[in-house]
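Here is how the chains run, residue by residue.
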Amino acid sequence: MKNNRIINQLDVLLPCIDAQRLIHGRGGLITGFEQVNIEIYSQVLWVIVYQAIDESPLYEMLDLAKVNMAKWGVDHIYIQRRFEKGNPVEVFAGTDALVDSEFETQENDLNYLVNLGRNQNTGLFLDMVNGRKWLQDNSRKKSVLNLFSYTCSLGVSAASGGASQIVNIDMAKGAIKKGQQNFALNNLNGVFIAQDIFKMVKKLTLKGPFDILVAAPPSFQSKAFDVRKDYKKLLVKLKPALADNAKLMLCLNSPLLDTQFIHDMVEEVYEGKAHFITRLENPEMLADVNEEASLKVMLYQLA
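Residues numbered from 1 in each chain as written. Predicted model: local features only at pLDDT ≥ 70, side-chain atom pairs only at ≥ 80, totals over all residues. Heavy atoms only, no water.

Can you help me understand the overall build of the protein chain in this one?
Tallying secondary structure elements over the protein chain gives nine helices and 16 strands in all. Principal axes of the C-alpha set define a box for the protein chain whose edges measure 55 × 40 × 35 Å. Burial status across the protein chain gives 51% buried among its 303 residues. Sequence-distant contacts, at least 24 apart, represent 59% of the contacts inside the protein chain between residues at least 6 apart. (Helix = DSSP H or I, 4+ residues; strand = E, 2+ residues; numbered from the N terminus. Buried < 20%, exposed > 50% of the residue type's maximum accessible area, 1.4 Å probe, protein only. Contact = heavy atoms within 4.5 Å.)

Here you go:
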C-alpha cells in the first residue's frame, strides 16, 4: 500500500524538467522510508539511503518504478548509500554512464552542473529552491554578496534576476570553479573569490555597499566554521559592507538549532535595526514532522 502511494506520487510529479526532491522520507512523514530521499536530476532518479535499514520495501517500490521509467522520462536509477564507507552507488536500472560524471540539469529555466556519485553533495541543494526563486525575483539592480556560495546556484539566481553586482565567496576552490562554470552556462557575469571569508572582510567591504546579504553556512566545518559561535561573529564583521537598508537572507540547516537562534543572533548584532520580514516556506514536498528541524531561510530588512 505504501509503495503504491509513493509510485502514485511519482506518477504525478514525473516527467518533469526541473531537478527536484520527489520523496522526502527524511521529513519523518513516510513510515519505513525515514532514511530515504528520492530526487530527479534530468533523466536520473537519484535514491539516497542515509542509514542501514530493511531495504526490501525500497526494492519493491523501485521494481515498480522500473516499469514506469519510460513514461517518467527516466533513463537511470541510482542508489547511493551514505552509511557505507565511500558512499557507494548502485546502478539499479539503466547504465553507469552518469555515475561520477558531470552533466547539466535545470531549475526555473536556469542550468546547473551536477555530479551524482560518491560525493555527499550533488552540486545543487534542492531544498534551497525557494531561496533561489526569491533572489531571482528580488535582485534587480541590487548588489548581492553571496557567502558560502558553494557552486554559486544562489548567485546564478540573483544574476539572472538582474543584480547589478554579485560577489560569490567560498573557501573551496573547486566549488568556486564550478560556480564560474554555472554562471557561464547561463551567460551571466559575477565576481568569484576562493578564500576564507574571515580573511576577506576588508576587501568585501570595499566592494560594497551590498543591498542583499546571502549567508548559507555549513552547520559545522572542521577548523573553519562552527555555526554556533562563528555565524554571529561573521555578521558583526560584515556590518560595514552592507547598505543602510540592506536585506538579509540568513539560512540555517542544523536540525539542532531553531528559528529563535537566528532571531536572537540578529537582535544581538543589529540591536533592533533589523526587522524580520518572513521565513521562506520550504517546498511542500519537503514537509517535516518538525519544521523547526528543517531548513530555515529567514529574511530581514535593515533600517
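Would you mind showing me how to read the packing of helix H4 (residues 129-138) against helix H5 (residues 153-160) here?
Two measures define how a pair of helices packs: the angle their axes make with one another and the distance between the axes. Where H4 meets H5, the closest approach of the two axes is 6 Å, and the angle between their N-to-C directions is 30°. Comparing their axes, H5 and H4 come out roughly parallel. Crossing of H4 over H5 shows right-handed handedness. Two secondary-structure elements touch here, H4 through Gly 131, Arg 132, Leu 135 and Gln 136 and H5 through Ser 153, Leu 154, Ser 157, Ala 158 and Ser 160. Each residue belonging to the contact of H4 with H5 can be placed in one class, and the counts come to three nonpolar, five polar and one charged. (Axes fitted to C-alpha atoms, helices over the stretch in contact; angles between N-to-C directions. Parallel < 35°, antiparallel > 145°, perpendicular 65-115°, else oblique. Left-handed = near helix turned anticlockwise from the far one by under 90°. Nonpolar A, V, L, I, M, F, W, Y, C, P; charged D, E, K, R; others polar.)

What should I look at first to understand empty space enclosed by the protein in this one?
In this approach, a probe sized like a water molecule rolls over the atoms, and the result shows the empty space that is left. According to the stated counting rule, one finds one cavity of 30 Å³ or more in the structure shown. As a volume, the largest cavity reaches approximately 30 Å³. The wall of the largest cavity is formed by Asp 127, Asn 130, Gly 131, Leu 280, Glu 281, Asn 282, Pro 283, Leu 295 and Val 297. Residues belonging to the lining of the largest cavity are distributed by class as follows: four nonpolar, three polar and two charged. (1 Å grid on protein atoms, 1.4 Å probe; cavity = no way out; pocket = protein on both sides within 12 Å on 5 of 7 lines; lining within 4 Å. Points joined across faces, edges and corners; volume = space filled by probe spheres on them.)

Please clarify how helix H2 (residues 56-67) should be interpreted in this entry.
Turn by turn, an α-helix covers 3.6 residues, leaving residues three or four places apart pointing in a common direction. With twelve residues, H2 ought to run about 16 Å at 1.5 Å a step, and its terminal C-alpha atoms sit 17 Å apart, in line with that. What H2 keeps buried is the set Leu 58, Met 61, Leu 62 and Ala 65. Down the axis of H2, the buried set is contained in an arc of 100°. They therefore lie on one face. (Expected span 1.5 Å × (residues − 1). Arc of directions from axis to C-beta.)

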